[in-house]
4 protein chains.
Amino acid sequence: MDTTEIQGLGAPRQPAHQTVQNPVRLGQARLGDGSFYVIAGPCSIESEEHLLEVATHIKEHGALGLRGGMFKLRTDPNTFQGLGEKAFEAVMHVKQATGLTFFSEITDPRQIEGFHEFVDVYQVGSRNMYNYALLRELGQVRKPVLLKRGFSATVKEWLLASEYILKGGNNAVILCERGIRTFETSTRNTLDLNSVALVKQTSQLPVIVDPSHGTGVSALVTPLSLAAAALGADGLMVEVHPQPESAKSDGAQALTFDQFSWLMKQLRSVLGACNRELTHL
Amino acid sequence: MDTTEIQGLGAPRQPAHQTVQNPVRLGQARLGDGSFYVIAGPCSIESEEHLLEVATHIKEHGALGLRGGMFKLRTDPNTFQGLGEKAFEAVMHVKQATGLTFFSEITDPRQIEGFHEFVDVYQVGSRNMYNYALLRELGQVRKPVLLKRGFSATVKEWLLASEYILKGGNNAVILCERGIRTFETSTRNTLDLNSVALVKQTSQLPVIVDPSHGTGVSALVTPLSLAAAALGADGLMVEVHPQPESAKSDGAQALTFDQFSWLMKQLRSVLGACNRELTHL
Amino acid sequence: MDTTEIQGLGAPRQPAHQTVQNPVRLGQARLGDGSFYVIAGPCSIESEEHLLEVATHIKEHGALGLRGGMFKLRTDPNTFQGLGEKAFEAVMHVKQATGLTFFSEITDPRQIEGFHEFVDVYQVGSRNMYNYALLRELGQVRKPVLLKRGFSATVKEWLLASEYILKGGNNAVILCERGIRTFETSTRNTLDLNSVALVKQTSQLPVIVDPSHGTGVSALVTPLSLAAAALGADGLMVEVHPQPESAKSDGAQALTFDQFSWLMKQLRSVLGACNRELTHL
Amino acid sequence: MDTTEIQGLGAPRQPAHQTVQNPVRLGQARLGDGSFYVIAGPCSIESEEHLLEVATHIKEHGALGLRGGMFKLRTDPNTFQGLGEKAFEAVMHVKQATGLTFFSEITDPRQIEGFHEFVDVYQVGSRNMYNYALLRELGQVRKPVLLKRGFSATVKEWLLASEYILKGGNNAVILCERGIRTFETSTRNTLDLNSVALVKQTSQLPVIVDPSHGTGVSALVTPLSLAAAALGADGLMVEVHPQPESAKSDGAQALTFDQFSWLMKQLRSVLGACNRELTHL
C-alpha cells in the first residue's frame with residue numbers, strides 16, 4: 001500500500017468526506033467509516049474524581065473517546081509532569097464506569113507493556129512523531145495508534161512516519177493534525193486544515209483534528225471544530241475541564257462543560273448538512 | 001476605534017458568526033451583515049468573452065462579486081503580466097451585462113484615479129500589505145478596500161495595516177485571509193483559519209477567505225470553502241475558469257464551472273445549519 | 001544575463017569571496033570589487049547634529065556609507081514616522097561635511113524625483129521587496145539601488161525581484177540580506193547567511209548583510225558581522241547611535257560608538273586573514 | 001545553574017568567543033576551552049575501510065573527533081538505514097588505529113548500554129531533541145552528550161531540553177546548531193548563526209555548528225564554517241566522504257578530501273585573526 005503519493009490533486013474529485021478505506025475499530029465503533037468521532041478529556045489526569053466528572057459529562061453529550069495524559073514530559077522539566085503510574089487505577093475505574101475508549105500518550109518504547117492493560121489507543125504526540133524507534137515498536141502492537149503530526153513535519157513526512165507503524169503489520173493507524181509552528185504569535189500553533197483535506201484525498205488512513213493544541217485559545221476551539229467537520233475530517237480531539245482556569249496544564253485551551261455541550265449541538269447540525277452524523281454505538 | 005487588541009480570548013464568547021459592527025456596503029448588499037458573500041472569477045482577465053462567460057455562470061449560482069486581475073505584477077517579470085488597460089472596456093461591458101460588483105487589484109498609488117470609474121472595490125494583494133504608501137492613499141478614497149493578509153504577516157500586523165486605511169477616513173475595509181507561507185511544500189500556502197476566527201473575535205472588520213491562493217490546489221478549494229463557512233467567515237473569494245488547464249495564470253487552483261456550482265450548493269447547506277444564508281440582493 | 005539559476009551547487013568551487021563581476025560604483029569606491037564596504041548610521045535621522053555626530057564617528061573608523069531613514073512608514077501608524085522632508089537639509093550638510101555616500105529608503109515611486117538630489121543610493125526595504133511597481137520605476141533611474149530581501153522571500157524571489165530593476169536598464173543593484181521571519185522569538189529575525197553564500201555562488205550581484213535588523217539585538221551584531229566578513233559578503237550595513245537607549249526607533253539593535261569602533265578593528269583582522277581589506281578611497 | 005535566561009542582551013558584552021565555563025573533556029582535549037574543536041566523518045559508516053580512509057585523512061588535517069552513523073532511522077523507512085551492529089567492530093578498529101574521539105547518534109534509550117563500550121560521545125539528533133525519555137536516560141550516563149537543536153526548536157526549548165540531561169547529573173553537554181526549517185527551499189535547512197551567538201551570551205554550555213546539515217549543499221559548507229569560527233562557535237561538525245557522489249546517504253552535502261583540507265587551512269587563518277586556534281592534544 002502506498003499512502004505517500006501526493007500528486008494529481010488538480011483533477012476534480014468526489015466530496016472530501018467520502019468513507020475512507022481503512023476505518024479503525026474502537027470497541028463497537030469505527031473511526032473513519034464516514035461518521036464523526038469525538039474524543040475529549042483533560043490535558044492531564046489530575047485525580048480519579050476529576051477524570052470521572054469530565055468523562056461523565058462528555059459521554060452524556062456524545063463523545064466516545066476519553067483523552068487524558070498520565071506521563072507529561074513537558075518542554076520545561078521543572079513543570080508538572082503528570083500523575084504517572086498513580087493514574088492507572090483511576091483510568092481503570094473510569095473506563096469501567098463509562099465504557100469510553102481511552103487514549104493516552106506514550107513517549108518511550110519501554111512503556112508499551114505497562115500501558116497495555118488499560119490504554120485502548122496509544123497516542124504518539126507531536127514531539128515524538130520523528131521518534132522512529134518508538135513508532136517501529138508500535139508496529140508490533142495489536143492496538144490502534146493515534147499519530148499526531150509533528151508541529152514542523154510536512155504532510156509527506158507525517159505519512160512516511162505512519163509507514164514505520166504500518167510496515168510492522170499494525171494497520172490501525174489514526175492520523176491527527178494538531179497545529180503547526182509558524183511565525184504567528186497570537187495563537188499557540190497554526191491549525192493546518194489544508195493538510196487534513198490533502199490527507200483525505202491522498203491517504204487511506206482516517207484523520208482527525210485537535211483544535212485545542214491547534215489554536216491554544218479556548219475561544220477559537222469551537223469555530224475550528226465546526227470547520228473541521230465541514231471540511232470532512234473523521235473526528236475531533238478536544239480538551240475539556242470543569243474549571244479551566246485552575247487546570248494543572250494547558251487551561252487556556254480547555255473548553256468548559258457548557259462550551260463542550262454547545263459545541264456538540266452545533267457539530268450535529270453542521271454534520272447533518274453534510275449528510276453525516278456523530279459516530280455512535 | 002481600536003481594532004488591534006488581541007487579548008482576553010480565553011473567556012467564553014458568543015458564536016463566532018455574530019453580525020460584525022462594520023459591514024461594508026457593496027451596491028445593494030452588505031458584506032459582513034451576518035450573511036455570506038461570494039466573490040468569484042478568473043485569476044486574470046484573458047478577454048471580454050472569457051470574462052462574460054465566467055461572470056454569467058457565477059452570477060447564476062449566487063455570487064455577487066466578480067474578481068479578475070488586469071495588471072499582474074507577478075514574481076517573475078518574464079511571465080504573463082495581465083491585459084493591462086485593454087481590460088478596462090471588457091470590465092465595463094461585463095458589469096453592465098451582469099450587475100456584479102467588480103474587485104480588482106491595485107499595486108501603485110498612481111493607478112487609483114484611472115481605476116476609479118469601473119472598479120467597485122480596490123483590492124490590495126498579499127505582496128502589498130506592507131506597502132503603506134499605497135494603503136495611506138487608499139484611506140483618502142471613497143470606495144471599499146479589500147486588504148489581503150501578507151503571506152508572512154502576523155494577525156497584529158494585518159490589523160495595523162488596516163489602520164493605515166482607516167486613519168485616512170475610509171471605514172469600508174474588508175479583510176481577506178489568503179494563506180501564509182510555512183515550511184510545507186505540498187500546498188502552495190497554508191490557509192490560516194485560526195486567523196479568521198481570531199479576527200472575528202477581536203476586530204469589527206468583516207473578514208473573508210481566499211482558499212484558491214490559500215491552498216493552490218483546486219481539489220482542496222471546496223473543502224476549505226465549506227470550512228470557512230462553518231467557522232463564521234463573512235465570505236469567500238475563489239478562482240473559477242471554464243478550462244483551468246489552459247488558464248494563462250494559476251490554472252492549478254481554479255474551479256471548473258461544475259465544481260463551482262457544486263460548491264455553492266454545499267455552501268447553502270452548511271450555512272443553513274448555522275442559521276445563515278448566502279448574501280443576496 | 002541570468003541571475004536566477006540556482007543549481008549545480010554540489011561541485012567544488014573557488015573561495016566564496018571571489019571578485020563579483022558586477023561591482024557597483026559608489027563615488028570613487030566600488031562595492032563588490034573584493035573589498036568589504038561598511039555602511040553605518042542611525043535607524044532614523046533625528047536631527048542634523050545627531051546625524052553629523054554619527055557620521056563623523058563612523059567615517060573616522062572606516063565606514064564609507066551613511067544610512068539614515070527620513071520617511072519611516074512603520075508597522076504601527078501611530079509610532080514615530082521619521083522627520084520627513086525636514087531631514088533633506090540635514091543630509092545635504094552632513095554629506096558636504098563628511099563626503100560619505102548616503103543611502104536612504106524609498107517607499108513610493110513618487111518620491112524618486114524629490115530624493116534624486118541628495119540620495120546616492122535608493123534603498124528598497126524588506127517590506128517593499130515585492131512592490132514591483134516601485135522596482136520597475138527604479139529600473140529607469142541612473143543611481144544605484146540597494147534591494148533588501150523580503151523577510152519571507154525565497155532567494156529565488158529575491159533574485160527575480162532584482163530583475164524588475166535590471167530589466168529597466170539599471171545594472172547598479174546591491175543585494176542586502178537583513179534577516180528572515182521564522183518561528184524563533186528570542187531574536188527579532190533570523191539572519192540567513194546561507195542565502196548570502198548562495199548568492200555569491202549563483203549571482204553576479206554584490207551582496208551585503210544587515211545584522212542590526214537580522215538579529216534585533218545589539219550584543220549579537222558584532223559576532224554576526226564578523227561571520228559575514230569571514231563568509232565572503234561584500235559588505236555590511238549596521239545601525240549606530242550615540243545613546244541607543246534613547247533612540248527614537250530600534251534602539252535595542254544599535255551599536256554604541258565604542259562597540260562600532262571595536263567592530264571595525266576586529267573586521268580588519270578577520271578580513272586580513274582572508275586576504276581582503278575594508279573598501280577605501 | 002540556570003542556562004535558560006535569555007535577557008538583557010542589549011548591553012555591551014565582552015567578545016563572544018570568551019572561554020565558556022563548562023568545557024567538556026574529550027580524551028585529553030577540552031571542547032569549549034576557547035579553542036576550536038573539529039569533528040568530521042561520513043554521514044553513515046559504509047565499511048571499515050571506508051571509515052579508516054576518512055579518519056586517517058581528517059586526523060592528518062587537524063580534526064580530533066570522528067562522526068559516523070550506525071543506525072540511521074531516516075524519514076523514509078524504505079531507504080538505507082545504516083550498517084547497524086555490523087559497524088561496531090569497524091569503529092573499534094578505527095579508534096585504535098587513529099585515537100580519534102568517536103561521536104555517534106543514539107535514538108532509543110535501550111541502545112545506551114550496547115553503545116557504551118565504543119562510543120565516546122552520545123549524539124542526540126535533531127529529530128530526537130524533544131525525546132525527553134531518551135534525554136532523561138542520558139542524564140544518568142557518565143559520558144558526554146552532543147545535543148543537536150531540533151530543526152524547529154526555539155533556542156529556549158533547546159536549552160530546556162539540555163536541562164533534562166543536566167538534571168540527571170550529567171554536566172558534559174555540548175550543543176550543536178544544525179539548521180532550522182524555514183520557508184526557503186533552495187537550501188536543505190537554514191543555518192541559524194543568531195542562535196549560536198545567543199547561546200554564547202546566555203549559556204555556559206559549549207556550542208558547535210553543523211553546516212553540512214545546516215545547508216545541505218557542499219559548496220556552502222566552507223563559507224559557513226568560516227563564519228562559525230569568526231562568530232565564536234566552539235567547534236564544527238562536518239561530513240567528509242572520499243567520493244560524495246557515490247555516498248549511501250547525504251552525498252550532496254559532504255566535502256571531498258581536498259575541500260576538507262582547504263577548509264582546515266582557512267580555519268586556522270580565521271581563528272588566528274581572532275586570537276584562537278584549533279583544539280589540539
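Higher on the page you've got the structure.
Residues numbered from 1 in each chain as written. Chains lettered and ligands numbered in written order. Predicted model: local features only at pLDDT ≥ 70, side-chain atom pairs only at ≥ 80, totals over all residues. Heavy atoms only, no water.

Time to look at the overall build of chain A. Looking only at helices and strands, one finds 9 helices and 10 strands in chain A. Seen through its C-alpha atoms, chain A measures out along the principal axes to roughly 50 × 40 × 40 Å. Per-residue burial for chain A yields a buried fraction of 70% across its 281 residues. Taking all contacts inside chain A whose residues are at least 6 apart in sequence as the whole, residues at least 24 apart take part in 70%. With an accessible surface of roughly 9000 Å², chain A has 46% of that area assigned to carbon and sulfur atoms. Charge centroids of chain A, computed over 26 positive and 29 negative side chains, lie 4 Å from each other. (Helix = DSSP H or I, 4+ residues; strand = E, 2+ residues; numbered from the N terminus. Buried < 20%, exposed > 50% of the residue type's maximum accessible area, 1.4 Å probe, protein only. Contact = heavy atoms within 4.5 Å. Areas by Shrake-Rupley, 256 points an atom, 1.4 Å probe, with all protein chains shown as cover. Lys, Arg positive; Asp, Glu negative; His and termini not counted. Charge placed at Lys NZ, Arg CZ, Asp CG, Glu CD.)

Note on the identical chains: chain A maps onto chain C by a rotation of 180° and an axial translation of 0.0 Å, with an RMSD of 0.0 Å. Here the copies are linked by what is in effect a two-fold axis. Judged by C-alpha distance, A:Phe183 is the residue of chain A that lies nearest the rotation axis, at 2.3 Å. Mapped onto chain C, 100% of the interface residues of chain A are again interface residues, and the two copies thus contact each other with one and the same surface. (Least-squares fit on C-alpha atoms with pLDDT ≥ 70 in both.)

Listed as interface residues are 48 residues of chain A and, on the opposing side, 48 residues of chain B. Across the chain A to chain B interface the summed buried area is about 3500 Å²; carbon plus sulfur atoms make up 66%. Here chain A and chain B share 2 salt bridges between them. Among the secondary structure elements, those contributing two or more residues to the side of chain A that touches chain B are α6 (193-202), α7 (211-215), α8 (218-231) and α9 (257-273) of chain A. A total of 9 residues in the side of chain A that touches chain B trace back to one element, the largest contributor, which is α8(A). Here the residues of the side of chain A that touches chain B sort into 28 nonpolar, 15 polar and 5 charged. (Buried area = accessible area lost by both parts, 1.4 Å probe. Salt bridge = Lys/Arg side-chain N within 4 Å of Asp/Glu carboxyl O. Nonpolar A, V, L, I, M, F, W, Y, C, P; charged D, E, K, R; others polar.)

Before going further, it helps to spend a moment on empty space enclosed by the protein. Inspection of every chain in the model, using the stated rule, returns 8 cavities of 30 Å³ or more. Reported here for the largest cavity is a volume of approximately 160 Å³. Along the walls of the largest cavity sit 16 residues, with A:Thr182, B:Thr182, C:Thr182, D:Thr182 and D:Phe183 positioned nearest its centre. Of the residues assigned to the lining of the largest cavity, the class counts are 4 nonpolar, 8 polar and 4 charged. (1 Å grid on protein atoms, 1.4 Å probe; cavity = no way out; pocket = protein on both sides within 12 Å on 5 of 7 lines; lining within 4 Å. Points joined across faces, edges and corners; volume = space filled by probe spheres on them.)

Another point: the packing of aromatic side chains. A full pass over the atoms with the stated rule returns 33 aromatic pairs over all chains. Ring geometry for D:Tyr130 against D:Tyr132: centres 6.4 Å apart, planes inclined by 85°, an arrangement best described as edge-to-face. Exposure class is identical for D:Tyr130 and D:Tyr132. Each is buried. One Lys or Arg, A:Arg181, reaches over the ring of A:Phe151 and ends 4.3 Å from the middle of that ring. (Phe/Tyr/Trp six-rings, centres within 6.5 Å; stacked < 30°, edge-to-face > 60°. Lys NZ or Arg CZ within 6 Å of the ring centre and 35° of its normal.)

Residues and elements named next belong to chain B. When you tally the buried positions in strand β10 (residues 235-239), you get 5 out of 5 residues, the bulk of the element. Sheet topology note: the strand β3 (residues 37-41)/β10 ladder contains 5 bridges and is parallel. Following the sheet pairing, Val38 is matched in β10 by Leu236. (Pairing = 2+ DSSP bridges.)

So, about the pairing of strand β8 (residues 173-177) of chain C. Residue and element names in this part refer to chain C. In terms of burial, β8 is a largely internal element, 5 of the 5 residues being buried. The alternating pattern of β8 places Val173, Leu175 and Glu177 and Ile174 and Cys176 on opposite faces, both of which are buried. Pairing analysis gives 4 bridges linking strand β7 (residues 145-148) to β8, with the strands arranged parallel. Within β8, the residue paired with Val145 across the bridge is Val173.

Our focus in this paragraph is the state of the cysteines. Taken as a whole and assessed by the stated rule, the structure comprises 0 disulfides over all chains. Just so you know, A:Cys274 is unpaired, no disulfide at all, and the nearest cysteine sulfur is the one on B:Cys274, 9.2 Å from it. Owing to a relative accessible area of 3%, A:Cys274 belongs among the buried residues under this scheme. With no disulfide of its own, B:Cys43 lies closest to B:Cys176 among cysteine sulfurs, the gap being 14 Å. (Disulfide = S-S within 2.5 Å.)

In this section: the relation of the copies chain A and chain B. Structural alignment of chain A on chain B gives an RMSD of 0.0 Å, achieved by rotating through 180° and translating 0.0 Å along the axis. A symmetric contact is evident, with 100% of the interface residues of chain A recurring at the interface of chain B.

Note that every value here comes from positions in space, so none of it alone points to a role or purpose.
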